[in-house]
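Coordinate analysis (summary)
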Number of protein chains: 6
Amino acid sequence: MTNFIRASVVQTCTAAYSLTDTLDRLERLTVLAKERDGSQLAVFPEAFIGGYPKMSTFGAVVGERSAQGRDEFLRYYKAAIELPSPALERIKKVSRETGVFLVVGIIERDGGTLYCTAIFVDPNQGFVGKHRKLMPTASERLIWGQGGPDTLPVIEAQFASSKAEETGVSAKLSATICWENYMPLLRTFYYSKGTQIYCAPTVDARPAWQHTMTHIALEGRCFVLSACQFAQEKDYPAEHPVADVSARNPETVMIAGGSVIISPLGKVLAGPLLEGEGVLTAELDLDDIARGKFDLDVVGHYARNDIFHLETTGA
Amino acid sequence: MTNFIRASVVQTCTAAYSLTDTLDRLERLTVLAKERDGSQLAVFPEAFIGGYPKMSTFGAVVGERSAQGRDEFLRYYKAAIELPSPALERIKKVSRETGVFLVVGIIERDGGTLYCTAIFVDPNQGFVGKHRKLMPTASERLIWGQGGPDTLPVIEAQFASSKAEETGVSAKLSATICWENYMPLLRTFYYSKGTQIYCAPTVDARPAWQHTMTHIALEGRCFVLSACQFAQEKDYPAEHPVADVSARNPETVMIAGGSVIISPLGKVLAGPLLEGEGVLTAELDLDDIARGKFDLDVVGHYARNDIFHLETTGA
Amino acid sequence: MTNFIRASVVQTCTAAYSLTDTLDRLERLTVLAKERDGSQLAVFPEAFIGGYPKMSTFGAVVGERSAQGRDEFLRYYKAAIELPSPALERIKKVSRETGVFLVVGIIERDGGTLYCTAIFVDPNQGFVGKHRKLMPTASERLIWGQGGPDTLPVIEAQFASSKAEETGVSAKLSATICWENYMPLLRTFYYSKGTQIYCAPTVDARPAWQHTMTHIALEGRCFVLSACQFAQEKDYPAEHPVADVSARNPETVMIAGGSVIISPLGKVLAGPLLEGEGVLTAELDLDDIARGKFDLDVVGHYARNDIFHLETTGA
Amino acid sequence: MTNFIRASVVQTCTAAYSLTDTLDRLERLTVLAKERDGSQLAVFPEAFIGGYPKMSTFGAVVGERSAQGRDEFLRYYKAAIELPSPALERIKKVSRETGVFLVVGIIERDGGTLYCTAIFVDPNQGFVGKHRKLMPTASERLIWGQGGPDTLPVIEAQFASSKAEETGVSAKLSATICWENYMPLLRTFYYSKGTQIYCAPTVDARPAWQHTMTHIALEGRCFVLSACQFAQEKDYPAEHPVADVSARNPETVMIAGGSVIISPLGKVLAGPLLEGEGVLTAELDLDDIARGKFDLDVVGHYARNDIFHLETTGA
Amino acid sequence: MTNFIRASVVQTCTAAYSLTDTLDRLERLTVLAKERDGSQLAVFPEAFIGGYPKMSTFGAVVGERSAQGRDEFLRYYKAAIELPSPALERIKKVSRETGVFLVVGIIERDGGTLYCTAIFVDPNQGFVGKHRKLMPTASERLIWGQGGPDTLPVIEAQFASSKAEETGVSAKLSATICWENYMPLLRTFYYSKGTQIYCAPTVDARPAWQHTMTHIALEGRCFVLSACQFAQEKDYPAEHPVADVSARNPETVMIAGGSVIISPLGKVLAGPLLEGEGVLTAELDLDDIARGKFDLDVVGHYARNDIFHLETTGA
Amino acid sequence: MTNFIRASVVQTCTAAYSLTDTLDRLERLTVLAKERDGSQLAVFPEAFIGGYPKMSTFGAVVGERSAQGRDEFLRYYKAAIELPSPALERIKKVSRETGVFLVVGIIERDGGTLYCTAIFVDPNQGFVGKHRKLMPTASERLIWGQGGPDTLPVIEAQFASSKAEETGVSAKLSATICWENYMPLLRTFYYSKGTQIYCAPTVDARPAWQHTMTHIALEGRCFVLSACQFAQEKDYPAEHPVADVSARNPETVMIAGGSVIISPLGKVLAGPLLEGEGVLTAELDLDDIARGKFDLDVVGHYARNDIFHLETTGA
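The paragraphs below set out a description of the structure included in this document. In this text, all values refer to a predicted model and were calculated from it rather than measured experimentally. (Residues numbered from 1 in each chain as written. Chains lettered and ligands numbered in written order. Predicted model: local features only at pLDDT ≥ 70, side-chain atom pairs only at ≥ 80, totals over all residues. Heavy atoms only, no water.)

Some words on the sheet that holds strand 9 (residues 168-175) of chain B
Residue and element names in this part refer to chain B.
- The sheet built from 6 strands is open, its strands ordered 8-9-10-11-14-15 with mixed pairing. At either margin of the open sheet sits one strand with a lone partner, and together these are strand 8 (155-160) and strand 15 (268-273). For this sheet, the mean inter-axis angle between neighbouring strands, taken without regard to orientation, is 20°.
- Direction of pairing for strand 8 relative to strand 9: antiparallel, over a ladder of 6 bridges. Residue pairing in the sheet places Glu 156 in a bridge with Lys 172 of strand 9. (Pairing = 2+ DSSP bridges. Helix = DSSP H or I, 4+ residues; strand = E, 2+ residues; numbered from the N terminus. Axes fitted to C-alpha atoms, helices over the stretch in contact; angles between N-to-C directions.)

Regarding the pattern of salt bridges
- If you walk through the whole model with that rule in mind, you get 157 salt bridges over all chains.
- With a closest N to O distance of 2.8 Å, Arg90(B) and Asp24(B) form a salt bridge. With Arg90(B) in helix 3 (residues 86-98) and Asp24(B) in helix 1 (residues 19-37), this pair connects stretches of sequence that are 66 residues apart.
- Judged by relative accessible area, Arg90(B) falls into the partly exposed class, the value being 23%.
- Across the pair Glu219(C) and Arg187(C) runs a salt bridge, and its minimum N-O distance is 2.8 Å. Taken as a pair, Glu219(C) in helix 5 (residues 208-220) and Arg187(C) in helix 4 (residues 184-192) lie far apart in primary sequence, 32 residues in all.
- On the accessibility criterion, Glu219(C) (0% relative accessible area) is buried.
- Among the residues examined, Arg187(C) registers a relative accessible area of 0% and is labelled buried.
- Each member of the salt-bridge network shares a partner with another, and the members are Arg65(A), Arg70(A), Arg221(C) and Asp295(C). (Salt bridge = Lys/Arg side-chain N within 4 Å of Asp/Glu carboxyl O. Buried < 20%, exposed > 50% of the residue type's maximum accessible area, 1.4 Å probe, protein only.)

Description of the interface of chain A and chain C
- Counting from both sides, the interface comprises 16 residues of chain A and, opposite them, 13 residues of chain C.
- Roughly 1200 Å² is buried in total at the junction of chain A and chain C, and carbon and sulfur atoms are behind 58% of that figure.
- Counting every contact that joins chain A to chain C gives 4 salt bridges.
- Two residues, Asp295(C) and Arg65(A), come together in a salt bridge whose shortest N-O distance is 2.7 Å.
- Here chain A is connected to chain C by 7 residue pairs in polar contact (both at pLDDT 80 or more). (Contact = heavy atoms within 4.5 Å. Buried area = accessible area lost by both parts, 1.4 Å probe. Polar contact = N/O pair within 3.5 Å; in protein donor to acceptor, adjacent residues only side chain to side chain.)

So, the interface of chain F and chain A
- With 46 residues of chain F at the contact, the number on the chain A side is 47 residues.
- Taken over both partners, the interface formed by chain F and chain A buries close to 4000 Å², and the fraction arising from carbon and sulfur atoms is 66%.
- Among the residues chain F hides against chain A, the three largest losses belong to Tyr302(F), Arg304(F) and Phe308(F). Together they make up 20% of the total.
- Put simply, chain F and chain A have 2 salt bridges between them.
- Run the count over chain F and chain A and you get 21 residue pairs in polar contact (both at pLDDT 80 or more).
- If one sorts the elements of the side of chain F that touches chain A by residue count, helix 5 (residues 208-220) of chain F sits on top with 8 residues.
- Within the side of chain F that touches chain A, the residues separate by chemical class into 21 nonpolar, 15 polar and 10 charged.
- Two elements, strand 17 (residues 308-312) of chain A and strand 17 (residues 308-312) of chain F, share 5 bridges in a ladder whose sense is antiparallel. Of the residues in strand 17 of chain F, the one forming a bridge with Leu310(A) is Leu310(F). (Nonpolar A, V, L, I, M, F, W, Y, C, P; charged D, E, K, R; others polar.)

Digging into the relation of the copies chain F and chain A
- Rotating chain F by 180° and moving it 0.1 Å along the rotation axis overlays it on chain A with an RMSD of 0.1 Å. Here the transformation between the copies is reduced to the relation of a two-fold axis.
- Mapped onto chain A, 100% of the interface residues of chain F are again interface residues, and the two copies thus contact each other with one and the same surface. (Least-squares fit on C-alpha atoms with pLDDT ≥ 70 in both.)

Some details on the side chain of Asp122(F)
All names here are of chain F.
- Tracing the backbone shows Asp 122 in strand 6 (residues 113-122).
- One buried charged residue, Asp 122, remains without a salt bridge, the closest side chain of opposite sign being Arg 96 at 9.9 Å.
- Among the polar contacts made by the side chain of Asp 122, one reaches the main-chain amide nitrogen of Gln 125 at a distance of 2.8 Å.
- When neighbours within four sequence positions are excluded, Asp 122 is seen to be in contact with Ser 95, Phe 101, Val 128 and Ala 157. (Lys, Arg positive; Asp, Glu negative; His and termini not counted.)

What about the packing of aromatic side chains?
- As enumerated under the stated definition, the model contains 63 aromatic pairs over all chains in all.
- Arranged with centres 5.9 Å apart and planes meeting at 55°, the rings of Phe189(C) and Tyr190(C) form a pair that is tilted.
- Where Phe101(D) meets Phe159(D), the ring centres are 6.0 Å apart and the plane angle is 50°; that geometry is what we call tilted. Taken as a pair, Phe101(D) in strand 5 (residues 101-110) and Phe159(D) in strand 8 (residues 155-160) lie far apart in primary sequence, 58 residues in all.
- One aromatic cluster in this structure is built from Phe58(A), Phe73(A), Tyr76(A), Tyr77(A) and Phe294(C).
- Between Arg109(C) and the ring centre of Tyr77(C), over which it is positioned, the NZ or CZ distance is 5.4 Å. (Phe/Tyr/Trp six-rings, centres within 6.5 Å; stacked < 30°, edge-to-face > 60°. Lys NZ or Arg CZ within 6 Å of the ring centre and 35° of its normal.)

Looking at the packing of helix 1 (residues 19-37) of chain D against helix 3 (residues 86-98) of chain D
All names here are of chain D.
- The interhelical angle for the contact between helix 1 and helix 3, taken along N-to-C directions, is 15°, at an axis separation of 10 Å. Considering the angle they form, helix 1 stands roughly parallel to helix 3. The crossing of helix 1 and helix 3 is right-handed. From helix 1, Leu 19, Thr 20, Leu 23, Asp 24, Leu 26, Glu 27, Thr 30, Val 31 and Lys 34 reach across to helix 3, where they touch Ala 87, Arg 90, Ile 91, Val 94 and Thr 98.
- Its residues placed into classes, the contact of helix 1 with helix 3 shows 7 nonpolar, 3 polar and 4 charged. (Parallel < 35°, antiparallel > 145°, perpendicular 65-115°, else oblique. Left-handed = near helix turned anticlockwise from the far one by under 90°.)

Thoughts on the environment of Glu27(F)
Residue and element names in this part refer to chain F.
- Checked against the element boundaries, Glu 27 lands in helix 1 (residues 19-37).
- Overall, Glu 27 belongs to the partly exposed group, its relative accessible area being 28%.
- The sequence separation of Glu 27 and Arg 206 amounts to 179 residues, and the corresponding C-alpha distance is 28 Å.

Rendered as structure tokens:
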């Protein structure tokens, strides 16, 4: 009995804060993953819907916020989407029509607070869950709230086996966004819930990111699918801050990508993609997970529950 | 049976990030409160020890931190104090020698993280508790961690009655730092623990702060003692960022004060002090709390526990 | 996309306990708000319909009620209105004909008990909800029952944008009556439900009230519309008790007003009105709410749900 | 096997708000019940410790509280006792030394709020429970908070049989204070918990009270022990308000008594006592309860649980 | 605006199980109430039509029923009336012709079961409702079924004001039969439905009944109209069992009456009538209900809905 | 104030199970680190003293062990050292004489069980602690026991600053052996204890190891010093099993090295060393830890203690 699925990470970016254009991109790249690669699952980057305001300060210094900063926040606030919303309906429609399960980084608006969220959309079931980033990093703390224990789902999804169409394959998915991936207790929580396809939407394009992705695959004995934004100055609104204002250039890279797919034994199956927008696809043999856990199962035979016990509250 | 104590709020600021000079200030102003005003309790502003890096950005923009920002953080990190530490010993000594109970805003270093903390120092008992700010505001989130439920003490302290020396007076003190004061559930928690002298160290010098302080006194039927920093450019290191770099002026006010003492029925007993450094002292008639709770006790006869129940975890 | 509405607070009082005259006043002042100010929303004071029996004791002392007190209650009971009732029909008609959304303080009769209630009347939808004051203050406990969790609505209403007529604006309204405004858990409940236009009908004319209104605007990042009664001795029946019976004077002020409109960042947009009857109107830029929540959202990014959890029962 | 106990109701009053004198009275009358009547259980009136401020208004009219009223409240607040407290220790000592189980009406101070409470004190176990009055009546709402569902105990106590010393008798006791006795759902709750000795401390001295006491005995098939205060003007402080200030007379009756003991079939076993201070004692044959429930058990065979279901929250 | 009606309780009994004679009595006594007393409402006792078989056993012992008992039941069954029926028509005619609203205790036959029922007959509307006793007492359980939640009406009836003929008065009526009056949840249900004229047809002639009637008036703040049978041996068929068969005496009282009318503040307005057949009439000032609820409304301001919630099923 | 130390990782292997020869190697390489590189700290690989029996099976199959396997274990058992022991004395002497703090992988014999241990030896304090590997991997479970919570020290050591000799530098060290490094809860424990110099003795020479080492540096914001064995067939006894028995070659690499030193921001300071035996040294700027924790402190500001709580037992 085979146990394979085909999965993609999509490297792209928000279309200059235009929701419609960004949703068009989502549709175009999902169709590409499906038609070119036969993909069944596609992971989009952090903040893909809503945008990642790289280089912004929102007018904040310690002890002061400016009126312009508040207006900038207002624009960003309006660019975010609610759940549910027409944008979500559009995403569900793309999933339904292509048959591709989608994991998409969005900026979620809930009351007066924004969250950096990943949503799970199933072709048949529609919207099946969301994860809100638990801990924003540095200046992100100015604009995003903290997710809670109620949005840490591990979603069991059904796929057709990519090798033997007649057989159904079930896989457990989770999402961990950007530097959350450095939280050892969060990862342990997901491992303990049995995550098999560990999705890591991000905007971290440092080379060091690759080490962490490989480490997690090895530590958790899971497939790691990291989708990073690739963005240039032209992908942002005209007035957006850049690293060097005196040398604005539409081609200057703002976020350099690095999307990658890694197996439970640390083998890079696809990527890292560093050159621009693109879709990476790999075939995942889910049996590799058991193969890997033979000698390391950090929430099983390789744990020391007598010494270390992870208490989780509310999750 | 009289029930009076004399209490002060001290309006001052950190001495250009010099710990020794700042501790000297603490001693000088505590002695003043004691000798001039007969004070038994003195509240110092937020971040008095360690400093409030107003206007700093620590080199952070969304998605990036600079090496200079990291170095600025390192300097700030080193300016903070640990608990216990020689600095704490010095503060305990000042309290012991003057007989003044001290509530002092400090920057506390614990491992790799800094906290914005208020410490309680008793003339006889020494260090009796601390409160770490629960939620930093805006850019403060770059430099301070979040306090936890284990540092929300309401401290019962013993004083001699300021009107009848032979009689002991017991009073319950709490500390809430800067915009924490806008957290209704935190305030409710303190009310439910019986806070009588609600200390509010701050650096918020907006006129609107006065409204909030009066409101809290009325809502909680407690004495509110808000100590704000008063700081000018000369109180910061030479290279410190300022609002207008092109017009550096040692006399320019960075934090404008507004320290105030308010009674449980909303009467301003002293202040607001807006002109500079200074010590405000008032006599607190603790019986005003019962007089005030006659018609409003938001955690007693004026609560609706059947509808609203505040659950607290870990506190 | 503009997001403005024009809203009024109406400072007036009950017409000597005459229901007809009071409803005439409601109509006259609503028309004024509409025609003079272009208002789309008008908030009337606490107990406007039915009356606020200031200075009455209803013959009650601890342990005794007098027959005269029972008769006084009977008169007051009969002056109250039921829901539905012809009086409500009249209010709905005023709303429908002027196009002004009304929030009106009434005394509601339900069985043998009276409630201090605020009703919400929509020009198109008619009566859309009511809030019963949860906790009467002091002597009010003799005459009013306590509201329950079933009457804590946050009403989403539709308005035309006051700046761009073609665009619809949606806003969430709540009502909190007089000293209920001091209940931190009630306010938190409303914040959590997303109130944007926080209506505060009152008869509290103390100067301190202004502090609390400003604080709430800042704490909740919402517009606060407080409508207070302005009443003189002549506005009460001849025999009504007054502060100084030996110096009855028709012009003596019984309730001194103080109606006010405040923005989410604590700016007073109109008022406080202290001189007598009147209508205050301001243009509300609803985007100021998001601008304000940028750095404070006490039910979102500025909450500590891990420590403090507000349980509500039945609401 | 006999099943008898001897029980008393004590008719007395607070000693001019003197705690020490009032506790002396408690001791004197308990000793009397024990030595003269062989009593094993004594019920004292509502507000016996702390006092019932009959005829006071605490300076409250609708919409206003006076400074004098607040001071009056302060005095009353200080006259109340906390649990635990030295006063409670004294009561426990009286119980322990006499061997009499005590049910005593007190004014309980808890934070800023007072409660009208009945405490249960066992000779061997000490303080075993308390009941806070759920709903103050009329002007009482100015000074007392509302009890909650956590203070509705039905206490199982052990007695020696008064007829056959060698046999232990177990009996369930509850307390319902003054007009709480008119709350049908509260009574039903106590019946459902099996109350056998229904204690009703009160200050209601109207003749109509006797009807209600008899009705409850019949309805609940329980022994009813109602202890009322008997108080004259001389039992209050000199300045205390009275019905007719122009005719102050130390002998004028303020609260007229009416203490009574009634059997489960409505037979008056002792009292009503109308003439002054005194102790009434009766022998209770607990088997009368079963005899009475033969044809009426409103929480058993005579209930209609299919139609009426009493939901209780928190109790 | 006056708010008075005149109401009667009729003390009488069934005419030796003769339906015709009993209906004649009904007519005669209704006319008397109308003509002598100007009554607008008359309440007749429990089981007035059909009879109350006092002292019967219907031949039942535990485990056995006799043939004679069956025959006795047959006779009783035939004496009962159906709804509708000619007997009902006769009653409606009496009401219509006298203008008196009637509340009449009957034995209702429905299929093979008898019910102890009270019917409501309006002069203008005719038969407007019925209440079947929910819970028969003791041996009544041999002959009567249990009513259900569908027969618990509170009937709003229209009267002319007895003091100002031009004004219509509306009043809410309920019926509770005999020991149902001891069911606290049933009473609470009626209170919650707003009963104002609480009719209590009964055959309970114990003195203790008076306590319960007064208690209910006080508890429910409603008028209580209790109509009891007055029956002698001569009012039963010759062969009917009696207390002392050896001393049969036509004058011996079987049911001793005690009909009474009580105001919402517990004042006895008429009766108790203990001497024989008769009609008691009183003027009811319906405003006394609001006067009374001023300080006690057990389903309004004096309830604790947060703790005690009465669920009713089917009613 | 400078804060630098110089530290080395030593890549070498056990000398054909000869204790004396291996201790000689330890001395030779420590002297080299000191004299050539000015090192103050040297980390030796896992199982350096005692040996890592790569390719051995110890004659075990499921359900059977062979006599030869038992003998092989006996030899291995004898090659291990006890604590204390002459071998430890020798190591202490090397440390004392060179002034180099040593962290050394050993096989520790304790009773009948062997442990894979790392010892900490201070030039001045001598033996200051040990860590026993918590969880052997795969076949290691045949020969090594599991360490317990009592051997998880974080050792605070004193160094002279490598840049300013007059100043003392304090640093916290920990040891984690081989695949223990994949245990997220163990790492979190060490982070929470403040480890600054995270020593990772290992025999894992896979390229993937580098990812994990870099990840840990980034995750823990600590210096990572990984010392791996480099061993060839000639470094084992003649009869030792090898990968290809038919092609025994003294030069064939058995363990391929990969020792490395990485900074808290993920920068590789030295290594990885892949070519053979050697000593790598780097200067560690301990202030880089605070610089790094500025934006990530997984046990401080970047933790979510409200959700995830690491309970440790016995440590």
